[in-house]
Amino acid sequence: MSTTKKMMYINRNAPHGTVYALEGLEVVLAGAAFEQDVSMAFLGDGVFQIMQGQDTSDSDMKNFSPAYRALGDYGVTKLYVEEESLQQRGLTVDDLMPLVWEDEDDDYEEKPSIQVVPRSGLSQIISEQDVLFNF
Amino acid sequence: MLHTVNKSPFSSDSLSLCLDYASEQDVVVLIEDGVYAAMKGSNSEAMVLESLASKKLFAIGADLKTRGIAEEKIIDGIQVVGYDGFVDLVANNDKVQSWL
């Protein structure tokens, strides 16, 4: 009866220095209960959000990076990372957390959620969305 | 003078401006998101290396660790400093300019 919409959350801010990254992640996790077609895109400094090895033990900040691992369980299985943004920052996909989702149609096999896409491809994916959020 | 830069060099021109304004007697401290400029292999590495030839650059250890930037990924020449060291730097410089 209800229409499923393609909703994309675009993340362009680095984690910790400002609250955008944490807020964006919390909105996605909260909204996942509504069974829409949700995906996330990481552009610009947003790619830093899913970098491996974040350790806040020397600062008084909350390390929310492990929460990205829950996205697969919440049905958010498409995490697009812009290739150019990685290159500009001297990063490769190996510097990112190995985020996966379990495909219940394929014997719960773990599959990577992260898709590295060039800007031209991501632009196309963005144009296909029904609703866009920026954080 | 001591300068602090708290924004990533990819999202703001704060670091680029700061390095242009800082003199050879000045000290530049990368804090918060500013520490992303300390990473090797990025587009901003050349600008940082050029500055290191004539200026002292520091980066806050806790901020690097929080963001997952390991020691071996830090540009050679940038000195990692803790909060105690940061306090010493501020105390030993007559003025502070925070590039927000």
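Note that the coordinates shown come from a computational prediction; the quantities given were computed from them, not determined experimentally.

## Brief notes about the overall build of chain A
Consideration 1: Within chain A, the secondary structure is distributed over 3 helices and 7 strands.
Consideration 2: Secondary structure elements in chain A, listed N-terminal to C-terminal, are β-α-β-β-α-β-β-β-α-β.
Consideration 3: Taken against the 2.2 N^0.38 rule, which gives 14 Å for 135 residues, the C-alpha radius of gyration of chain A at 15 Å falls within 12% of a compact globule.
Consideration 4: Oriented by its inertia axes, the alpha-carbon framework of chain A measures out at about 50 × 30 × 30 Å.
Consideration 5: Burial status across chain A gives 43% buried among its 135 residues.
Consideration 6: Across chain A, every contact between residues at least 6 apart in sequence was considered, and the portion connecting residues at least 24 apart equals 77%.
Consideration 7: Carbon and sulfur atoms form 47% of the exposed surface of chain A, whose accessible area is close to 7,200 Å².
Consideration 8: One finds the centroid of the 9 positive side-chain charges in chain A at a distance of 7 Å from the centroid of its 24 negative side-chain charges.

## Brief notes about the sheet that holds strand E2 (residues 27-30) of chain B
Paired through their backbone hydrogen bonds, the strands of a sheet run either parallel or antiparallel.
Residues and elements named next belong to chain B.
Consideration 1: One open sheet accounts for 5 strands, arranged E4-E3-E2-E1-E5; its pairing is parallel. A strand with exactly one partner marks an edge of an open sheet, and here the two such strands are strand E4 (79-81) and strand E5 (96-99). Across the sheet, the mean angle separating the axes of adjacent strands is 25° when strand polarity is ignored.
Consideration 2: In this structure, strand E1 (residues 2-5) lies alongside E5, joined through 4 bridges in parallel fashion. Counted as the bridge partner of Val-5 is Trp-99 from E5.

## Things to note about the nonpolar core
Consideration 1: Grouped together as the largest cluster of nonpolar side chains are 49 residues, with contacts concentrated most on Ile50(A), Tyr68(A), Leu71(A), Leu30(B) and Ile78(B).
Consideration 2: Listing elements by their share of this core, those giving two or more residues are strand E1 (6-11), helix H1 (20-31), strand E2 (37-42) and strand E3 (78-82) of chain A together with helix H1 (14-21), E2, helix H2 (45-52) and strand E3 (56-60) of chain B.
Consideration 3: A per-element tally of this core places H1(A) first, with 4 residues.
Consideration 4: Among all residues touching Tyr68(A), those that are not within four sequence positions of it are Ala21(A), Leu25(A), Phe42(A), Gln49(A), Ile50(A), Met97(A) and Leu99(A).

## Structural notes on the layout of surface pockets
Consideration 1: Approximately 420 Å³ is the volume attributed to the largest pocket.
Consideration 2: Around the largest pocket, the lining comprises 26 residues; the ones closest to its centre are Arg12(A), Asn13(A), Gly44(A), Asp45(A) and Ser11(B).
Consideration 3: In terms of residue count, the dominant contributor to the lining of the largest pocket is helix H3 (residues 119-127) of chain A (4 residues).
Consideration 4: For the lining of the largest pocket, the per-class residue count stands at 7 nonpolar, 11 polar and 8 charged.
Consideration 5: The calculated volume of the second largest pocket comes to roughly 150 Å³.
Consideration 6: Lining of the second largest pocket is provided by Gly53(A), Asp58(A), Gly61(B), Ala62(B), Leu64(B), Lys65(B), Gly68(B), Ile69(B), Ala70(B), Glu71(B), Ile74(B) and Val80(B).
Consideration 7: Looking at which element gives the most residues to the lining of the second largest pocket, the answer is helix H3 (residues 61-66) of chain B, with 4 residues.

## Some details on a negative patch on the surface
All names here are of chain A.
Consideration 1: The grouping of Asp-73, Glu-102, Asp-107, Glu-109 and Glu-110 at the surface amounts to a negative patch.
Consideration 2: Relative to the assigned elements, Asp-107 resides in the loop between strand E4 (100-103) and strand E5 (109-112).
Consideration 3: A relative accessible area of 73% places Asp-107 in the exposed class.

## Brief notes about the interface of chain B and chain A
Consideration 1: Of the residues lining the interface, 17 residues belong to chain B; the matching set on chain A comes to 22 residues.
Consideration 2: Roughly 1,500 Å² of surface becomes buried between chain B and chain A when both sides are summed, with 52% attributable to carbon and sulfur atoms.
Consideration 3: When the buried area of chain B at its contact with chain A is split by residue, Tyr36(B), Lys65(B) and Thr66(B) rank highest and sum to 35% of it.
Consideration 4: Inspection of the chain B/chain A interface yields 3 salt bridges.
Consideration 5: Its salt-bridge partner being Lys65(B), residue Asp58(A) comes within 3.3 Å of it at the nearest N-O pair.
Consideration 6: Where chain B packs against chain A, one counts 10 residue pairs in polar contact (both at pLDDT 80 or more).
Consideration 7: Considering each element in turn, the side of chain B that touches chain A owes the most residues, 3 residues, to H3(B).
Consideration 8: Split by residue class, the side of chain B that touches chain A holds 6 nonpolar, 7 polar and 4 charged.

Reading guide: rules and limits
- Residues numbered from 1 in each chain as written.
- Chains lettered and ligands numbered in written order.
- Predicted model: local features only at pLDDT ≥ 70, side-chain atom pairs only at ≥ 80, totals over all residues.
- Heavy atoms only, no water.
- Helix = DSSP H or I, 4+ residues; strand = E, 2+ residues; numbered from the N terminus.
- Rg over C-alpha atoms; globule rule 2.2 N^0.38 Å.
- Buried < 20%, exposed > 50% of the residue type's maximum accessible area, 1.4 Å probe, protein only.
- Contact = heavy atoms within 4.5 Å.
- Areas by Shrake-Rupley, 256 points an atom, 1.4 Å probe, with all protein chains shown as cover.
- Lys, Arg positive; Asp, Glu negative; His and termini not counted.
- Charge placed at Lys NZ, Arg CZ, Asp CG, Glu CD.
- Pairing = 2+ DSSP bridges.
- Axes fitted to C-alpha atoms, helices over the stretch in contact; angles between N-to-C directions.
- Core = buried A, V, L, I, M, F, W, Y, C linked by side-chain atoms within 4.5 Å.
- 1 Å grid on protein atoms, 1.4 Å probe; cavity = no way out; pocket = protein on both sides within 12 Å on 5 of 7 lines; lining within 4 Å.
- Points joined across faces, edges and corners; volume = space filled by probe spheres on them.
- Nonpolar A, V, L, I, M, F, W, Y, C, P; charged D, E, K, R; others polar.
- Patch = residues over 30% accessible without salt bridge, like charges linked within 9 Å, V, L, I, M, F, W, Y side chains within 5 Å.
- Salt bridge = Lys/Arg side-chain N within 4 Å of Asp/Glu carboxyl O.
- Buried area = accessible area lost by both parts, 1.4 Å probe.
- Polar contact = N/O pair within 3.5 Å; in protein donor to acceptor, adjacent residues only side chain to side chain.

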